[in-house]
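In case you want the letters, here they are:
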Amino acid sequence: MTNSQEAVIQNIKKSVNAEEFHNKVEVNDPIVSREEIRTVLDEYVKEQPTISYKFKLHLATTLANVITIVVNRKTKIIGAEKIKKLNQPGIVTSNHFNPLENTAIRKALHKGGYHNMAIVSQATNNRMSGVLGFFMNYANVIPIAAVHEYMGSDFLELVKHQLDEGNPVLIYPEQEMWFNYRKPRPPQRGAYYYAAKFNVPIISCFTEIIDLGIPDSSDGHLNKVCYRVHVLDPIFPDPELNVKENSYAMMQKDYDQKKLAYESAYNKPLSYDFEPDDIAGWHDQS
């Protein structure tokens, strides 16, 4: 295990003990100024209609589908039949614990009958370099940032465009990624607001992390893991409720479903008392 991974796990432990479930715990994320964030967003929006962007989009999404097959050979999908008859896109929610776990969700959506998907991600990720940076900019990833004018206009249009194209949009309601953290965290409301606003269902998922018992690091502190994606019951807006009321109602129902899925998968009640087994594959040496 690297020092940075150990630091992340300790940050998770501190955040859980403080009951702050949306804290940033990663230690090597890019540091980007507010001015650069605005530049990232402006560049992204302006590039959308260009031929160059569309070519790179096709290339990146094709490669993402190939990677999905390769890295998810052991990933099991349960419940995909629940979304096969939806005949419409939706806002996808799942727990967030690994940069590649969205490929498991992609596999679940493919089994559910969807050919493409979009992912909402922090705009800072657009400044990543190399292959990962290419995917963050071109693999149907919609940047999100606390920039009011962007969120109130361009972001809404980008999400609506994907839904109009029939593509589900993955939004992590837990906000920040917590490395290999097994438990569903209390959600933020954003994903459910967009589902209510655009009158589409929540495609509710919970990803179980399975410890394979095979060392994944030279010092033996981490084991390799695989995933089991549980596709839960889709959650529909109530026509009798307004957008705000629906967003809260859908958020609560989604959290309740994920809680039950966790308890069924791990055969124990959900508690936010931190224990080493909360981090899949980790052997606490303290």
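Residues numbered from 1 in each chain as written. Predicted model: local features only at pLDDT ≥ 70, side-chain atom pairs only at ≥ 80, totals over all residues. Heavy atoms only, no water.

1. Some thoughts on the state of the cysteines
Okay, step 1: What the rule picks out here adds up to zero disulfides.
Okay, step 2: Cys-226 carries a free sulfur, and the closest cysteine sulfur to it, the one in Cys-205, is 17 Å from it.
Okay, step 3: Given the relative accessible area of 12%, Cys-226 is considered buried. (Disulfide = S-S within 2.5 Å. Buried < 20%, exposed > 50% of the residue type's maximum accessible area, 1.4 Å probe, protein only.)

2. Some thoughts on the side chain of Glu-263
Okay, step 1: Along the chain, the position of Glu-263 falls in helix H8 (residues 243-266).
Okay, step 2: Judged by relative accessible area, Glu-263 falls into the buried class, the value being 19%.
Okay, step 3: Separated by 2.9 Å, the side chains of Glu-263 and Lys-259 make a polar contact.
Okay, step 4: Aside from chain neighbours lying at most four places away, what touches Glu-263 is Lys-268, Pro-269 and Leu-270. (Helix = DSSP H or I, 4+ residues; strand = E, 2+ residues; numbered from the N terminus. Polar contact = N/O pair within 3.5 Å; in protein donor to acceptor, adjacent residues only side chain to side chain. Contact = heavy atoms within 4.5 Å.)

3. Here we look at helix H6 (residues 148-164)
Every α-helix winds through 3.6 residues per turn, so residues three or four apart in the chain are directed the same way.
Okay, step 1: Helix length check: H6, at 17 residues, gives a terminal C-alpha distance of 23 Å against a target of 24 Å (1.5 Å per residue), a fit within 8%.
Okay, step 2: Taken as a whole, H6 has its buried residues at Tyr-150, Met-151, Phe-155, Leu-156, Leu-158, Val-159, Gln-162 and Leu-163.
Okay, step 3: Taken from the residues just after H6, Gly-166 is the one with a positive phi, measuring 85°. (Expected span 1.5 Å × (residues − 1).)

4. Some points on the pattern of salt bridges
Okay, step 1: For the structure on display, the rule yields 14 salt bridges.
Okay, step 2: Note that Asp-277 is salt-bridged to Arg-182, the shortest N-O span being 2.8 Å. Within this pair, whereas Asp-277 is found in the segment after H8, its partner Arg-182 is found in the loop between strand E5 (169-170) and helix H7 (190-197), the two being separated by 95 residues in sequence.
Okay, step 3: Judged by its relative accessible area of 41%, Asp-277 is partly exposed.
Okay, step 4: A single salt-bridge network, built from bridges that share partners, covers Arg-182, Lys-268, Glu-275 and Asp-277. (Salt bridge = Lys/Arg side-chain N within 4 Å of Asp/Glu carboxyl O.)

5. Things to note about unusual backbone geometry
Okay, step 1: Although it is not a glycine, Glu-19 adopts a positive phi angle of roughly 55°.
Okay, step 2: Locating Glu-19 in the fold gives a position in the loop between helix H1 (3-17) and helix H2 (34-47).
Okay, step 3: You can call Glu-19 exposed: its relative accessible area is 64%.
Okay, step 4: Its identity as a non-glycine residue notwithstanding, Asn-267 has a phi of 55°, on the positive side.
Okay, step 5: Take Asn-267: it is sitting in the segment after H8.

6. What about the packing of H7 against H8?
Okay, step 1: The contact between H7 and H8 brings their axes to 8 Å, and the two run at 125°. Taken together, the axes of H7 and H8 lie oblique to each other. Both H7 and H8 take part in a crossing whose hand is right-handed. On the side of H7, the interface is formed by Tyr-192, Tyr-193, Ala-195, Ala-196 and Lys-197, while H8 contributes Val-243, Asn-246, Ser-247, Met-250, Met-251 and Asp-254.
Okay, step 2: Of the residues belonging to the contact of H7 with H8, the class tally is seven nonpolar, two polar and two charged. (Axes fitted to C-alpha atoms, helices over the stretch in contact; angles between N-to-C directions. Parallel < 35°, antiparallel > 145°, perpendicular 65-115°, else oblique. Left-handed = near helix turned anticlockwise from the far one by under 90°. Nonpolar A, V, L, I, M, F, W, Y, C, P; charged D, E, K, R; others polar.)

7. What to know about the environment of Leu-241
Okay, step 1: Tracing the chain through its elements places Leu-241 in the loop between strand E7 (223-231) and H8.
Okay, step 2: Sequence separation between Leu-241 and Ala-196 is 45 residues, and the spatial gap between their C-alpha atoms is 9.4 Å.
Okay, step 3: For Leu-241, the contacting residues outside a window of four places in its chain are Asn-246 and Ala-249.

8. Some thoughts on the sheet that holds strand E4 (residues 141-144)
Okay, step 1: Ordered in space as E1-E7-E6-E2-E5-E3-E4, the seven strands form an open sheet in which the pairing is mixed. Looking at strand neighbours, the two that pair on one side only are strand E1 (76-78) and E4, the edges of this open sheet.
Okay, step 2: As paired elements, strand E6 (residues 202-215) and E7 share eight bridges and run antiparallel to each other. Each bridged residue has a counterpart across the sheet, and for Ile-210 the counterpart in E7 is Cys-226. (Pairing = 2+ DSSP bridges.)

9. So, the pairing of E7
Okay, step 1: Sheet topology note: the E1/E7 ladder contains three bridges and is parallel. Considered in E7, the bridge of Lys-76 is made with Arg-228.

10. Notes on the environment of Trp-178
Okay, step 1: Considering the arrangement of structural elements, one finds Trp-178 in the loop between E5 and H7.
Okay, step 2: With 24 residues separating them along the chain, Trp-178 and Ile-202 place their C-alpha atoms 22 Å apart.
Okay, step 3: Not counting residues up to four positions away in its chain, the partners in contact with Trp-178 are Ile-12, Ser-15, Val-16, Glu-20, Phe-21, His-22, Asn-23, Val-25, His-96, Phe-97 and Arg-185.

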